[in-house]
Amino acid sequence: MTFRDDDLTYLEEHGLPDLPATMIEDFVTHDQARIWFAVAGSGRTVILLHGGLGNSGNWSYQVPALLAAGYRTVVVDSRGQGRSGRDDRPYSYYRMAADVRAVMDRLEIDRAVFIGWSDGADTALALAEGTPDRVNGILFFACNVDSSGTKPFEFTPVIGRIFQRHVDDYTALSPTPDGFKAMSEALEAMQRTQPEYTADDLGRINVPVLVVIGERDEFIKLEHMAYLALALPDATLQVLPEVSHFAPLQRPATFNAVMLEFIARVVGE
């Protein structure tokens, strides 16, 4: 039977699998922060960028699928999250995109496919905006590109479970284990004002993009994602049925199939 955890009760009780032991971990120091990353495998490179408050372990169901499919797989903890540090300057997606480029430079990666989840999706888009030559394509999962794209916040048990997981993981992994509140407030400040792409801005980001959203996403409007798919020059929209903002954890097999099909298409396999 295919694994499902739609209400994230399995996550609450058991946590997530560890990332594969074959992954080699390291740090790169960039722009006043130590950025953690891990890499394994060979072949075309895929870089996974997690959502806000999270860490690379949130990709535990995706990394093994990528390695099994023959891809070099890189995960990055965004600055101030997971194992990565940060300074006191405000967050920005452009700064986090520059951190990812620093990881690529350290690993001598010229180009990659990006799998971005929520904040990670906007980080990948910012990277493509600045350096499209480094991007084979972006799977843009569940994030807004301007302030009109978000729903009013409504707390749910699913959100409560993932939030507690983020708190616990931060305490266990962070170089500043008592800093979750300050980090989350800084992220929220960024999210209130960024990004603010116009349709013209989006029209200049000419890389292949698969815009993906769960049918039951708690945070992002479906019509906003449809707008994004129309505004980007080379984009399509895919809606995942019966899942939410946490689809990679709720139904990994469904998410992974979409992910692998997209990667194969943009790298020409």
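Here, the structure is the one placed above.
Residues numbered from 1 in each chain as written. Predicted model: local features only at pLDDT ≥ 70, side-chain atom pairs only at ≥ 80, totals over all residues. Heavy atoms only, no water.

K.L.:
Please set out a nonpolar patch on the surface residue by residue, giving values where relevant.
P.N.:
Where nonpolar side chains cluster on the molecular surface, the patch consists of L222, L237 and V239 and spans about 210 Å² of accessible area. Within the secondary structure layout, L237 lies in strand β8 (residues 235–240). (Patch = residues over 30% accessible without salt bridge, like charges linked within 9 Å, V, L, I, M, F, W, Y side chains within 5 Å. Areas by Shrake-Rupley, 256 points an atom, 1.4 Å probe, with all protein chains shown as cover. Salt bridge = Lys/Arg side-chain N within 4 Å of Asp/Glu carboxyl O. Helix = DSSP H or I, 4+ residues; strand = E, 2+ residues; numbered from the N terminus.)

K.L.:
Let's hear about the packing of aromatic side chains: which residues, and what values?
P.N.:
Scanning the entire structure with this criterion turns up ten aromatic pairs. Here the aromatic rings of W59 and F255 are separated by 6.4 Å at their centres, their planes lie at 40°, and the arrangement is tilted. Residue W59 is found in the loop between β3 (45–49) and α2 (63–68), and its partner F255 is found in helix α10 (residues 252–267); the two are separated by 196 residues along the sequence. For W59, a relative accessible area of 0% puts it in the buried group. (Phe/Tyr/Trp six-rings, centres within 6.5 Å; stacked < 30°, edge-to-face > 60°. Buried < 20%, exposed > 50% of the residue type's maximum accessible area, 1.4 Å probe, protein only.)

K.L.:
Lay out the side chain of N136 in plain terms, naming residues and giving numbers.
P.N.:
Topologically, N136 is positioned in strand β6 (residues 135–141). Ignoring any residue separated from it by four or fewer positions in sequence, one finds N136 in contact with R111, A112, V113, P208 and V266. (Contact = heavy atoms within 4.5 Å.)

K.L.:
How would you summarise the pattern of salt bridges if you had to cite specific residues and measurements?
P.N.:
Inspection of every chain in the model, using the stated rule, returns 15 salt bridges. We note a salt bridge from R79 to D31, for which the minimum N-O separation is 3.9 Å. In this pair, R79 is assigned in the loop between β4 (72–76) and α3 (93–106) and D31 in the loop between β1 (24–30) and β2 (33–40), connecting sequence segments 48 residues apart. Across the salt bridge formed by D99 and R79, the nearest N and O atoms sit 2.7 Å from each other.

K.L.:
How would you explain the sheet that holds β2 if you had to name every residue and give the values?
P.N.:
Read across the sheet, eight strands follow the order β1-β2-β4-β3-β5-β6-β7-β8 without closing on themselves; strand pairing throughout is mixed. The open sheet is flanked by β1 and β8, the only strands paired with a single partner. In this sheet, neighbouring strand axes are inclined to one another by 20° on average, regardless of whether the strands run parallel or antiparallel. Pairing geometry for β6 and strand β7 (residues 209–214), over four bridges, is parallel. In the strand pairing of β7, I138 is matched with V209. The sheet contacts of α3 involve β1, β2, β3, β4 and β5 (112–117), and relative to β1 the element is tilted by about 120°. (Pairing = 2+ DSSP bridges. Axes fitted to C-alpha atoms, helices over the stretch in contact; angles between N-to-C directions.)

K.L.:
Can you explain the nonpolar core? Please cite residues and give values.
P.N.:
Counting 53 residues, the largest nonpolar core has I47, F114, L125, I138, F140, L202 and L232 as its most contacted members. At seven residues, the largest contribution of residues to this core is made by α3. With sequence-adjacent residues up to four places away left out, F114 is seen in contact with I47, L49, V100, M104, A124, L127, R134, V135, G137, I138 and L139. Membership of the second largest hydrophobic core comes to 39 residues, among which are V46, Y71, V243 and L249. (Core = buried A, V, L, I, M, F, W, Y, C linked by side-chain atoms within 4.5 Å.)

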